[in-house]
Amino acid sequence: MSNTRKVLPLMKLLAALAVIAALALVITAAASWVSRRRKPLAITTGKSSTVPARSAIDRAMLGAQLKAVAAVGFSIATFVALFRAAIAFSGMLGLPLALVSGLSVSAGLLLFSALPSTKLSAQPTASATLTPRRPWSFGSRSNFIVPAAIAAIYIAFLMVTGLTSAPDGKGRYRLLDLENVPSTVATTSYPGWYYGVPLIAVTVVLAGSVVLALRRISTTAALPDPRMTSLDRKWREISTRVVLRLGTGALLGYFGGTALAAARAMVSIAGVWDESGKGSLLGLGVTSAAVGAVLVGVGAMLVVLAGKDALSIREKTRVACPEAALTP
């Protein structure tokens with residue numbers, strides 16, 4: 001019976017991974033098939049030879065929008081599959097659940113990087129840009145510095161919680177280590193090394209998947225029609241925003257969840273610690289809980305905004321070329 005209980009969670013995890021892998025293969029295969037079957041995208045003119053037709057813009061932007069939507073949708077599907085599987089690992093004290101969101105978003109961004117681009121036909125009037133495109137070329141400097149700073153602060157926070165943790169009866173560093181607080185009181189899980197090391201690893205994986213997706217955006221071939229230069233830059237800017245919001249949202253969700261876990265552990269032993277007169281652990285715990293709740297809320301909002309941006313790429317690129325709205 002005990003062996004069955006140990007094997008069942010593993011089977012659920014393997015089944016979830018199989019479903020995720022199959023879904024990724026189906027999406028990638030479908031995108032590749034469409035890319036091969038469709039004729040190369042030809043850019044047509046409208047009534048004016050200097051303005052591309054609205055229909056041409058829609059076709060040009062469809063591939064970019066589908067990739068962004070696929071990344072967000074696949075992240076959500078992966079989250080659902082992994083969450084259901086992680087629940088079965090009750091003996092790991094919530095560690096699998098803590099890793100779900102970062103792994104899900106990483107999977108979505110890796111799929112984004114793997115999907116093929118829309119084939120474009122060569123144009124006699126095509127012109128290559130001399131401006132080099134880099135992963136950081138399609139957003140303000142703060143758009144890249146802020147997520148990197150959040151990741152660095154989060155890793156530093158995990159190292160602090162790790163250094164202030166103590167092992168439980170099984171040697172897992174998941175308890176808050178404080179003087180004059182007996183181990184029989186400090187029983188609430190605390191984000192020590194038991195949680196911190198895997199979370200740091202997932203944060204690095206998430207950062208790597210974001211960089212790969214940004215590189216994919218910057219290295220995708222430019223639209224061949226020189227009249228679509230502004231459109232070409234616009235879809236890259238929106239796609240960059242989708243990737244950064246998705247990655248930052250997951251990171252803030254992690255940060256907030258970790259802060260909430262730390263707050264719960266501090267509040268649970270605040271009575272014993274505060275009586276020692278060495279400071280108010282309750283106040284620190286409440287503050288940590290408030291900050292964690294805000295971070296989780298902001299992270300969720302960024303993920304929603306990423307999905308909204310992904311669904312509006314074609315609409316927003318029309319704004320970059322308003323004259324095309326008059327040409328069918």
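Residues numbered from 1 in each chain as written. Predicted model: local features only at pLDDT ≥ 70, side-chain atom pairs only at ≥ 80, totals over all residues. Heavy atoms only, no water.

1. Here's the deal with the overall build of the protein chain
And step 1. Assigned secondary structure in the protein chain consists of nine helices and two strands.
And step 2. Moving toward the C terminus, one meets the helices and strands of the protein chain in the order α-α-α-α-β-β-α-α-α-α-α.
And step 3. The burial tally for the protein chain puts 42% of its 328 residues in the buried class.
And step 4. Considering only intrachain contacts with a sequence separation of at least 6, the fraction spanning at least 24 residues in the protein chain is 79%.
And step 5. Put simply, the protein chain shows about 16800 Å² of open surface, and 68% of that area lies on carbon and sulfur atoms. (Helix = DSSP H or I, 4+ residues; strand = E, 2+ residues; numbered from the N terminus. Buried < 20%, exposed > 50% of the residue type's maximum accessible area, 1.4 Å probe, protein only. Contact = heavy atoms within 4.5 Å. Areas by Shrake-Rupley, 256 points an atom, 1.4 Å probe, with all protein chains shown as cover.)

2. Regarding the confidence of the model for the protein chain
And step 1. Residues at a pLDDT of 70 or more form 66% of the protein chain, whose mean pLDDT is 75.
And step 2. Ranking the elements of the protein chain by mean pLDDT puts helix α1 (residues 2-37) last, at 50, and helix α4 (residues 141-163) first, at 93.
And step 3. Low pLDDT (under 50) marks residues 120-128, which in the prediction has 18 contacts with non-local residues, meaning those over four places away or in another chain.
And step 4. Per-residue pLDDT stays below 50 along residues 323-328; that stretch engages in 15 contacts with residues further than four places along the chain or on separate chains. (pLDDT = per-residue confidence, 0-100.)

3. Focus on the nonpolar core
And step 1. Among the nonpolar cores identified, the biggest contains 43 residues, and Leu109, Tyr154, Leu199, Leu214 and Val243 are the most heavily contacted of them.
And step 2. For this core, the secondary-structure elements that each account for two or more residues are α2 (54-87), α3 (95-114), α4, α5 (193-219), α6 (229-268) and α8 (281-311).
And step 3. When residues in this core are grouped by element, the largest group, twelve residues, is from α6.
And step 4. Excluding residues within four positions of it along the chain, Val243 makes contact with Leu109, Phe112, Val210, Ala213, Leu214 and Ile217.
And step 5. Ala262, Met266, Ala270 and Leu281 belong to the second largest nonpolar core, which has eight residues in total. (Core = buried A, V, L, I, M, F, W, Y, C linked by side-chain atoms within 4.5 Å.)

4. Comments concerning α8
The periodicity of an α-helix, 3.6 residues per turn, causes residues three or four positions apart to be oriented the same way.
And step 1. Look at α8: 45 Å from first C-alpha to last across 31 residues, which is about the 45 Å you get at 1.5 Å a residue.
And step 2. Residues of α8 that are buried: Leu281, Gly285, Ser288, Gly292, Leu295, Gly299, Leu302, Ala306, Gly307, Asp309 and Ala310. (Expected span 1.5 Å × (residues − 1).)

5. So, the pairing of strand β2 (residues 173-176)
On any regular strand, side chains alternate: one points to one face of the sheet, the next to the other face.
And step 1. Pairing analysis gives three bridges linking strand β1 (residues 165-167) to β2, with the strands arranged antiparallel. The residue of β2 that forms the bridge with Ala166 is Leu175.
And step 2. The hairpin turn running from β1 into β2, its antiparallel successor, is five residues long, and Gly171 in that turn takes a positive phi close to 80 degrees. (Pairing = 2+ DSSP bridges.)

6. A short note on a nonpolar patch on the surface
And step 1. On the surface, Ile76, Phe79, Val80, Phe83, Ile87 and Leu97 cluster together to form a nonpolar patch covering roughly 510 Å² of accessible area.
And step 2. Here the nonpolar patch takes five residues from α2, the largest share from any one element.
And step 3. Relative to the elements of secondary structure, Phe83 occurs in helix α2. (Patch = residues over 30% accessible without salt bridge, like charges linked within 9 Å, V, L, I, M, F, W, Y side chains within 5 Å. Salt bridge = Lys/Arg side-chain N within 4 Å of Asp/Glu carboxyl O.)

7. Some details on the packing of aromatic side chains
And step 1. Scanning all chains against the criterion turns up four aromatic pairs.
And step 2. Relative to Phe83, the ring of Phe79 lies with its centre 5.8 Å away and its plane at 20 degrees, an arrangement referred to as stacked. Note that Phe79 and Phe83 are positioned in helix α2 at a spacing of four residues, about one turn of the helix.
And step 3. Overall, Phe83 belongs to the partly exposed group, its relative accessible area being 36%.
And step 4. Considering the side-chain rings of Tyr154 and Phe255, the 5.0 Å spacing of their centres and the 40 degrees angle between planes classify their relative orientation as tilted. (Phe/Tyr/Trp six-rings, centres within 6.5 Å; stacked < 30°, edge-to-face > 60°.)

8. Considering the layout of surface pockets
And step 1. Each pocket or cavity is described by its volume, and for the largest pocket that value is around 770 Å³.
And step 2. Surrounding the largest pocket, 33 residues form its lining, Leu97, Ala98, Ser101, Gly253 and Tyr254 being those nearest its centre.
And step 3. Breaking the lining of the largest pocket down by element, the ones donating at least two residues are α2, α3, α5, α6 and α8.
And step 4. In terms of residue count, α6 provides more of the lining of the largest pocket than any other element does, ten residues in total.
And step 5. Looking at the lining of the largest pocket residue by residue, the classes come out as 22 nonpolar, ten polar and one charged. (1 Å grid on protein atoms, 1.4 Å probe; cavity = no way out; pocket = protein on both sides within 12 Å on 5 of 7 lines; lining within 4 Å. Points joined across faces, edges and corners; volume = space filled by probe spheres on them. Nonpolar A, V, L, I, M, F, W, Y, C, P; charged D, E, K, R; others polar.)

9. Side note on the pattern of salt bridges
And step 1. The tally for this structure, following the rule as stated, stands at five salt bridges.
And step 2. The shortest N-O distance in the salt bridge between Arg233 and Glu237 comes to 2.9 Å. Here Arg233 and its partner Glu237 are both found in helix α6, four residues apart, which amounts to about one turn of the helix.
And step 3. By relative accessible area, Arg233 is classed as partly exposed at 39%.

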